[in-house]
Amino acid sequence: METISVLKEREHQVFQKGKDDFDIACEKTSLAGSVSQRACVFCGSRVVLYPIADALHLIHGPIGCASYTWDIRGALSSGPELHRNSFSTDLSETDIIYGGEKKLESALLELIDKYDPKAAFAYSTCIVGIIGDDVESVCKSVESKTGIPVLPVHSEGFKGTKKDGYTAACEALFNLVDRGRTKRKLPQSINILGEFNIGGETWIIKDYYRRMGVRVVSVMTGDGRINDLKMARRASLNVVQCSGSMTHLAKKMEDAYGIPFIRVSYFGIEDTSDALYRVARFFNNNPDIMKRTEKLVRNQVRSIIPSLSEMKKDLVGKRAAIYVGGAFKAFSLIKALKHLGMEVVLAGSQTGSKEDYKVLREMCNPGTVILDDANPLELAKYIMEKDADLFIGGVKERPIAYKLGIGFCDHNHERKIPLAGFIGMENFAREVHQTVTSPIWQLVPRRASVLTPK
Amino acid sequence: MMHKPFYTATQNACKNCTPLGAALAFSGIEKAIPLLHGSQGCSTYMRRYLISHFKEPVDIASSNFSEETAIFGGGANLKLAIENIEKQYAPTMIGIATTCLSETIGDDVPMILESLSKTAGKAALVHVSTPSYTGTHVDGFHQAVKAVVDRFNPVSNKKQYKPKKKQTVNLFPGMLSNEDIRHLKEIFHDLDTRVIILPDYSERLEGPSWVEYQAIQDGGTPISWIEKMNLSAFSLEFGNVLENQVDQKGLTSAGSLLETRFNVPCIRAGLPIGVKATDTLFQHLEYITGKPLPDKYSSQKGRLIDAYVDGNKYVSQRKAVLYGEEDFVVGMAGFLGEVGIIPVLCASGGKSSFFEDALRSVLPENIFDQVRVHENMDFARMEERARFLKPDLVIGNSKGYAMARRLKIPLVRVGFPIHDRVGGTRILHIGYKGALHLFDTIINALLHMQQDSSQFGYSYM
Ligand code: SF4
Ligand code: SF4
């Protein structure tokens, strides 16, 4: 068999628990020539801002960056759907030579006139960083002409990693939040941060809070609306999911308006309950909230336990590999998979930090492979070595798993099924169960020799 | 001096950027790896895009520009990228396409590669310049194919006289589906004629399940074949628009390069979609090989025309919106025209300036008169125009779904990319068989619509 080797420069980004003893290297730029699963700064900004459905998202650059991201994410809206379009200044050769500012300005004016958005974002892509357009001043000028907020997003792809894109997006969001005029706090109110309404997840989470008696002032940015953002500073607490992307904003809001924040996750029973309880505890001046929360959690858990136990029977002892964008999601997934009796044999992320990997090491069993910014070859090497039955990742990882005859579950922003909350846990388990128990694996050549007796 | 162009935004593009086409073309060469010289995002996005159509691993490496690279130039990164690819993939060829970024900062890639050639490993390094702001993915595709032919058929080959291999034909099919490429191979097989198809991603991007890991999937045109293209008796190059670009704009295509450099005659034809275009293809093949149409294909043709007759009134005078790559649209329009469907709107994001001429050449005058042709079109404008043309159906790739949904008419999925259905790679467009498949699919889409929306829901046709 062809052996797959790990590039020397990447050796410290691959860690095997119980075998290796070093601090996993991370937060590095990807190695040239390594087919990283990462995207770019722009991608990070898009992830965060894109779900704002009544804003115009104009991508300033040549066509590719915009066309590849047209409607690729499953972020739903209950109303306007402006975000599902792909708007580009589509720079051509003359723009590269003479600058794209004029084109940016007229594109913004044209589109704002046509679609009547509540705000506009102008994303800078790589080229804009090179030709040196003054996007900031174009935005100012358009803002004064149109009267809506027009915000530059500094997301030139090469100026860092996806994380820098999150920061750029948070800056733009803060700019909007800071425009809110009313400062008076709303009692028992929160903002939900880092929840993007993939497959309708925001609606599930919002409903929990409604039943708890907690008011959700704004969601950043799932099913997002500009006017809600302008209210955001009136909330008493920021509840941050997907902390990698949104902590920057939470910190800024804490500094500026004294709004404290907590970090949570809504994946899995444990983490979802924990999130809701912590919010209830924060509002302990109103004991009714805690009572309602307890009741909610109890009922929800009770409603899904029977089907989970049923599915668990088939899943016990099966081996799972996880490769996701942020490490925080990996933590939740490990817990959720344990709940289903499964064993995690590989865990990795595109953008985890040193602390993240420490936590990950502690959570994993000996022998588990931990990967930072892996490439397809490494992923394939280890899922085969560890003989995984299931791979959890995004679209780019799917064919690797399938080619090797391994079940797959999409846990990225492109999924269509909500996986958050209690109902999400049930959906997740069902999806895992469906793929792992498929009879098709018995026909797959790599597995056939193992599964069928000779 | 410079006149002020009319500025307008592109809203839901009907095109992609040049390196995408180059990366796809490189993926059709045996043991070759595409490498984009630029920042990480572009290659990841393109991989994702190709994966969603092909549903197969598509590895595209990147030289991963950082801020320093953008300032000081990408030479060192490119070198490192090549070394690392050699180590991990041991490819026979690395196809290097530039992105907007490396083009704009002015990296001199040929020079960097020249300086590498002494120290580099075994892989052949092929470079194509693909700044996205000068064309679309189709241009990137053709330029990459040409670059490969150029690299492996250098002028120096001319010196040694070798007799032409009478029985070998070079075929440059353009951006066709996997199934189309397989069908072309079958045709040549049945004609007992050797063919070198470039590129051929039909196996690599639709292979069987793996027993062992494959760093680079099997399949693709072997480089040893590409090296012999200058010895072939003929080249065949598909695409009416491409033909015009070569003839009138002096563009060098793979076919024209072999023609001027080695006197390999190049026959150009439109994409063989529909009876007439397929007839033309077989006439060319008869001329090239001296062999008449095999029986298998005359019976395919017979069945096709019989089906056309059976279905004539379901399609006659129906109106379609048709979009995609220029040459693909031209091929499809020829087919629609011959069954009586009027492609009232033919649109493409490309802007070759030959789109209209090419369409005129494949459509009967009475139909062409009813066609609106739009180059440089995006989906927002397409939809605005479609609305008032009252079409019966939309024909094109998955990108038109939102438009079709709002127009409340069916979308018949053809071309690239198909990312909201399975089997996009297995759609057969070409040949008599392809036409039959298209014809049945279109009629059934119309009937489905009619049946569902009818008050009675007739269960017989
Ligand atoms: S920068 Fe150029 S090459 Fe990269 S995705 Fe954008 S258009 Fe394509
Ligand atoms: S050009 Fe830059 S911003 Fe656009 S996709 Fe490529 S890396 Fe990302």
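This is a predicted model, so every value here is computed, not measured. (Residues numbered from 1 in each chain as written. Chains lettered and ligands numbered in written order. Predicted model: local features only at pLDDT ≥ 70, side-chain atom pairs only at ≥ 80, totals over all residues. Heavy atoms only, no water.)

Colleague: Before we go on, may I ask you to explain the packing of helix α7 (residues 137-152) of chain B against helix α11 (residues 254-262) of chain B in this structure?
Modeller: Two quantities define a packed helix pair, namely the angle between the axes and the distance from one axis to the other. All names here are of chain B. Between α7 and α11, the least distance of the axes is 8 Å, while the angle of their chain directions is 30 degrees. In terms of their interaxial angle, α7 and α11 are classed as roughly parallel. Counting all contacts with α7, which are made through V145, K146, V149 and D150, the residues of α11 involved are A254, L257, L258 and R261. Per-class residue counts for the contact of α7 with α11 are five nonpolar, no polar and three charged. (Axes fitted to C-alpha atoms, helices over the stretch in contact; angles between N-to-C directions. Helix = DSSP H or I, 4+ residues; strand = E, 2+ residues; numbered from the N terminus. Parallel < 35°, antiparallel > 145°, perpendicular 65-115°, else oblique. Contact = heavy atoms within 4.5 Å. Nonpolar A, V, L, I, M, F, W, Y, C, P; charged D, E, K, R; others polar.)

Colleague: Looking at this structure, how should I read the pattern of salt bridges?
Modeller: A side chain with one charge can pair with a side chain of the opposite charge if their charged atoms come near. All names here are of chain B. According to the stated counting rule, one finds 41 salt bridges over all chains in the structure shown. For K79, the salt bridge identified is with E83, shortest N-O distance 3.5 Å. One end of the pair, K79, and the other, E83, are both in helix α4 (residues 75-89), four residues apart, so they sit about a helical turn from each other. Taking relative accessible area as the criterion, K79 reaches 37% and is therefore assigned partly exposed. (Salt bridge = Lys/Arg side-chain N within 4 Å of Asp/Glu carboxyl O. Buried < 20%, exposed > 50% of the residue type's maximum accessible area, 1.4 Å probe, protein only.)

Colleague: Hey, could you run me through the domain arrangement of chain A in this one?
Modeller: Much of the literature gives interface size as the accessible area that the parts lose upon coming together. Residue and element names in this part refer to chain A. One can read the domain layout of chain A as domain 1 (8-28 + 305-451), domain 2 (41-162) and domain 3 (189-298). Just the C-alpha atoms count here: the centres of domain 2 and domain 3 sit 28 Å apart. Each partner contributes to the interface: domain 2 provides 17 residues, whereas domain 3 provides 17 residues. Between domain 2 and domain 3, roughly 1200 Å² of surface is buried when both sides are summed, and carbon and sulfur atoms account for 64% of that area. By the criterion of area lost to domain 3, the three top residues of domain 2 are V48, I52 and L76, representing 38% of everything that side buries. Applying the counting criterion to the domain 2 and domain 3 interface returns zero salt bridges. Connecting domain 2 to domain 3 are nine residue pairs in polar contact (both at pLDDT 80 or more). Among the residues forming the side of domain 2 that touches domain 3, the class breakdown is eleven nonpolar, four polar and two charged. (Domains from an automatic or database assignment. Buried area = accessible area lost by both parts, 1.4 Å probe. Polar contact = N/O pair within 3.5 Å; in protein donor to acceptor, adjacent residues only side chain to side chain.)

Colleague: Got a minute to help me understand the site of ligand 2 in this structure?
Modeller: Neighbouring residues of ligand 2: C40, F42, C65, T125, C126 and G157 of chain A together with S39, G41, C42 and Y45 of chain B. Residues near ligand 2 are shared among chains A and B, making this a multi-chain site. With three residues, the top contributor of residues to the shell around ligand 2 is helix α2 (residues 40-54) of chain B. Taken together, the residues of the shell around ligand 2 sort by class into six nonpolar, four polar and no charged. (Near = heavy atom within 4 Å.)

Colleague: Please explain the sheet that holds strand β1 (residues 10-11) of chain B as it appears in this structure.
Modeller: Each strand in a sheet pairs with its neighbour through backbone hydrogen bonds, running either in the same direction (parallel) or in the opposite one (antiparallel). Pairing in this open sheet of five strands is mixed, and the strands run β5(A)-β4(A)-β2(A)-β3(A)-β1(B) from one edge to the other. Single-partner strands in this sheet number two, and they are β5 (150-153) of chain A together with β1 of chain B. Along the sheet, helix α4 (residues 101-115) of chain A contacts β2 (55-60), β3 (87-88), β4 (119-124) and β5 of chain A together with β1 of chain B; its crossing angle with β2 of chain A, the most-contacted strand, is approximately 155 degrees. Docked against the sheet, helix α6 (residues 135-146) of chain A engages β2, β4 and β5 of chain A, running at close to 165 degrees with respect to β5 of chain A. (Pairing = 2+ DSSP bridges.)

Colleague: Mind showing me how you'd approach the interface of chain B and chain A here?
Modeller: With 64 residues of chain B in contact, the opposing surface of chain A contributes 68 residues. When chain B packs against chain A, close to 6000 Å² is buried across both sides, 62% of that on carbon and sulfur atoms. At the junction of chain B and chain A, the tally comes to three salt bridges. One salt bridge in this structure joins K15 of chain B and D90 of chain A, with 2.9 Å as the shortest N-O distance. Summed over the shared surface of chain B and chain A, the number is 22 residue pairs in polar contact (both at pLDDT 80 or more). Only β1, α2, β3 (61-62), α3 (67-72), α4, α5 (100-105) and α17 (379-389) of chain B provide two or more residues apiece to the side of chain B that touches chain A. Examining the composition of the side of chain B that touches chain A, we find that nine residues originate from one element, α2 of chain B, more than from any other. Tallied by class, residues from the side of chain B that touches chain A come to 30 nonpolar, 21 polar and 13 charged.

Colleague: Looking at this structure, I do not really get the domain arrangement of chain B. What am I missing?
Modeller: Residues and elements named next belong to chain B. With domains assigned, chain B is organised as domain 1 (18-155), domain 2 (168-289) and domain 3 (313-453). Between domain 1 and domain 2, the contact holds 35 residues from the first and 37 residues from the second. The interface formed by domain 1 and domain 2 includes two salt bridges. Notably, a salt bridge pairs D150 with R261, separated by 2.9 Å at the nearest N-O pair. Viewed at the interface, domain 2 and domain 1 are joined by twelve residue pairs in polar contact (both at pLDDT 80 or more). For the side of domain 1 that touches domain 2, the secondary-structure elements that each account for two or more residues are α1 (18-26), β2 (32-37), α4 and α7. Top contributing element to the side of domain 1 that touches domain 2 by residue count: α7, with eleven residues. In the side of domain 1 that touches domain 2, the residues fall into 20 nonpolar, eight polar and seven charged.

Colleague: How should I be thinking about the pairing of strand β5 (residues 124-128) of chain B in this particular structure?
Modeller: The side chains of a regular strand alternate between the sheet's two faces. Residues and elements named next belong to chain B. For β5, the tally of buried residues reaches four of five residues, placing the bulk of the element in the interior. For strand β4 (residues 93-98) and β5, the ladder comprises five bridges, and the chain directions are parallel. Note on β5: the bridge partner recorded for M93 is A124.

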